[in-house]
Amino acid sequence: MDRAAESAADRETIDRWWQTFAATGRLPAELELVQGRLVRAVHRASLPSGPVYVKVMTFPRGKDRLRYLLRALPAVHEARLLRATAAAGIACPEVVGVRTERRGLLPARSMLVLRALAVRPGPERDLRAQLADEAALAMRLLAAGILHRDLHSGNFVRLLDGSLAVLDLQSATLRSGPCLSRRCRLATAARLVRERPGLEPEVAAAALVQSGLVRDAAESETVRLRAARERGRFWRSRIRRCLQESTEFTLRTGLRGRLYRTRGELGDGRWWHGGGRELRRAWLGQRALHLRDGRAPLFPAFFQNWWWLGGGAALYVPRACREDRIRAEVQAASAGFVVSERAHTA
């Protein structure tokens with residue numbers, strides 16, 4: 001536990017939050033949920049000293065517990081990175097409180113309380129200027145020995161005074177010296193432009209060169225190609241979350257095969273066996289169409305038999321859904337999967 005930055009009044013409130021979270025895995029209902037995922041959640045709350053954000057993790061999966069078995073728990077790690085960032089003169093949230101717990105050496109609870117920043121409302125108007133500012137701040141992070149492995153536009157906010165602040169340093173690492181090698185610079189630049197496919201390459205290159213993150217035309221082209229590859233891999237990984245234990249989906253393995261399904265109730269339905277390998281493409285394609293076009297999914301679950309039991313698959317469909325509607329949806333989803341694969345092949 002790190003309580004150096006806590007006032008007595010704040011500590012009493014943070015301790016109360018922590019006791020509830022440690023016991024139940026949930027924060028008190030008075031805290032407002034801002035972002036909820038399988039791995040972690042972020043809440044908004046108020047302390048006697050002012051508004052804060054509270055980031056918590058409960059390590060629900062075995063791979064999460066294994067990942068943090070020998071390393072610092074997320075709250076401790078991110079608090080260290082935030083303090084190093086602030087020491088380098090870079091705007092970021094102030095660490096207010098840190099709480100962690102292991103049970104039988106395994107990670108069990110992690111809670112980080114951060115001071116809320118005074119953020120300017122509304123979207124950025126000039127995308128090129130925004131990218132240039134982000135790239136300049138990224139250079140300052142690298143110069144301070146802070147290597148962020150998941151730096152993107154969502155990690156930055158514009159403060160009321162017009163300056164840029166960096167958020168979410170859980171994926172960052174602190175080196176003993178500056179990280180200004182070509183490899184580090186170009187990897188960081190590619191992550192910054194990966195989510196801006198609509199920004200003209202020449203415009204993006206000019207913003208990156210202006211910051212010093214990219215130094216010439218050859219490096220700009222390297223960044224463009226790398227960003228395109230990473231964009232494709234990122235998109236495919238988002239689609240394939242429907243085959244993994246994730247925030248929106250769950251996976252169950254049994255004697256007959258594997259069940260992939262959305263979280264929550266399946267509703268009144270039946271299993272439909274009207275296809276073979278096409279049904280797996282339909283399950284993935286339905287996810288692709290939902291992410292790309294916002295198309296509402298029809299199938300809440302997919303079952304895949306083990307190959308040594310003859311293979312085969314089935315989709316869970318609403319009981320009242322007619323055969324012609326099901327086949328049309330399977331065909332459309334399968335086509336959506338093929339199109340998505342072609343469009344995002346590196």
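Just above, that's the structure.
All residue numbers refer to position in the chain's written sequence, counted from 1. Residues qualify for local features only when their pLDDT is at least 70, as the model is predicted, and side-chain atom pairs are given and counted only at 80 or more; totals for whole chains, interfaces and linings, by contrast, use all residues. In computing side-chain properties, one takes all heavy atoms of the structure into account and sets aside hydrogens as well as water.

Q: When you look at the pairing of strand β10 (residues 249-253) in this model, what are you seeing that I'm missing?
A: Two faces belong to every sheet, and in a regular strand the side chains alternate between them. Note that β10 and strand β11 (residues 257-262) share five bridges and pair antiparallel. Across the sheet, residue T250 finds its bridge partner in β11, namely R261. Hairpin connection between β10 and β11: a loop of three residues separates the two successive antiparallel strands. Pairing between strands is defined by DSSP: at least two bridges between them are needed. Strands here mean DSSP runs of E at least two residues long; helices mean DSSP runs of H or I at least four residues long; both are numbered from the N terminus.

Q: I tried to follow unusual backbone geometry on my own but got confused; where do I start?
A: If a residue is not glycine, its phi is most likely negative; likewise, a peptide bond is most likely trans. Non-glycine residue F59 carries a positive phi angle of around 55°. A simple rule labels every residue: compare its accessible area, found with a 1.4 Å probe on the protein chains alone, to the largest value its type can have, and call it buried under 20%, exposed over 50%, or partly exposed in between. Judged by relative accessible area, which is 2%, F59 ranks as buried. Phi at L105 is positive, roughly 75°, even though this residue is not glycine. Within the secondary structure, L105 is located in the loop between β4 (95-103) and β5 (106-115). Note on L105: relative accessible area 67%, which makes it exposed.

Q: Would you explain the sheet that holds β10 in this entry?
A: Strands pair in a sheet through their backbones, by hydrogen bonds, and they do so in one of two ways: parallel or antiparallel. Read across the sheet, five strands follow the order β10-β11-β13-β14-β12 without closing on themselves; strand pairing throughout is antiparallel. Since the sheet does not close on itself, it has two edges, and those belong to β10 and β12 (269-272), each with one partner. Across this sheet, the average inter-strand angle for adjacent strands is 20°, counted without regard to direction. To obtain each axis, a line is fitted to C-alpha atoms, and for helices this fit is confined to the stretch in contact; angles are then taken between N-to-C directions over 0 to 180 degrees.

Q: Sorry if this is basic, but what is going on with the side chain of K55 here?
A: Topologically, K55 is positioned in strand β3 (residues 50-57). Using a relative accessible area of 12% as the deciding quantity, one classes K55 as buried. For this analysis, a polar contact is any N or O atom pair within 3.5 Å, provided that within protein one partner can donate a hydrogen and the other can accept it, and provided that sequence-adjacent residues contribute only side-chain to side-chain pairs. In this structure the side chain of K55 is engaged in a polar contact, spanning 3.4 Å, whose partner is the side chain of D168. If sequence neighbours within four positions are ignored, K55 has contacts with R40, A41, V42, E78, S110, M111, L112, L114 and D168. Pairs of residues are marked as contacts when any of their non-hydrogen atoms sit within 4.5 Å.

Q: Help me understand the nonpolar core, please; the structure alone is not making it clear to me.
A: If you look at soluble globular proteins, the nonpolar side chains tend to sit buried side by side. Counting 41 residues, the largest nonpolar core has L112, L131, V166, L192, L208, L213 and V223 as the members making the most contacts within it. The element contributing the most residues to this core is helix α4 (residues 127-143), with eight residues. In this structure V223 touches L186, A189, A190, V193, L208 and V214, once residues within four positions along its chain are discounted. Core analysis: the second largest hydrophobic core is formed by 23 residues, I239, A282, F302 and L315 among them. Grouping buried Ala, Val, Leu, Ile, Met, Phe, Trp, Tyr and Cys residues that are joined through side-chain atoms within 4.5 Å yields what is termed a nonpolar core.

Q: Sorry, what's going on with the packing of helix α5 (residues 182-194) against helix α7 (residues 217-239) here?
A: Two quantities define a packed helix pair, namely the angle between the helix axes and the distance between the axes. Here α5 crosses α7 at 55°, and the two axes come no closer than 8 Å. It follows that α5 is oblique to α7 by the angle criterion. Where α5 crosses over α7, the two elements pack in a sense that is right-handed. Across from R182, R185, L186, A187, A189, A190, R191, V193 and R194 in α5, the residues of α7 making contact are E219, T222, V223, R226, A227, E230, R231 and F234. Under the scheme applied here, ten amino acids are nonpolar (Ala, Val, Leu, Ile, Met, Phe, Trp, Tyr, Cys and Pro), four are charged (Asp, Glu, Lys and Arg), and all others, including Gly, are polar. Among the residues making up the contact of α5 with α7, the classes are represented as eight nonpolar, one polar and eight charged. Here is the rule for angles: anything less than 35 degrees is roughly parallel, anything more than 145 is roughly antiparallel, 65 through 115 is roughly perpendicular, and the remaining ranges are oblique. A clockwise turn of the near helix away from the far one marks a right-handed crossing, whereas an anticlockwise turn of less than a right angle marks a left-handed crossing.

Honestly, that's just the spatial picture; any functional story needs more than this.
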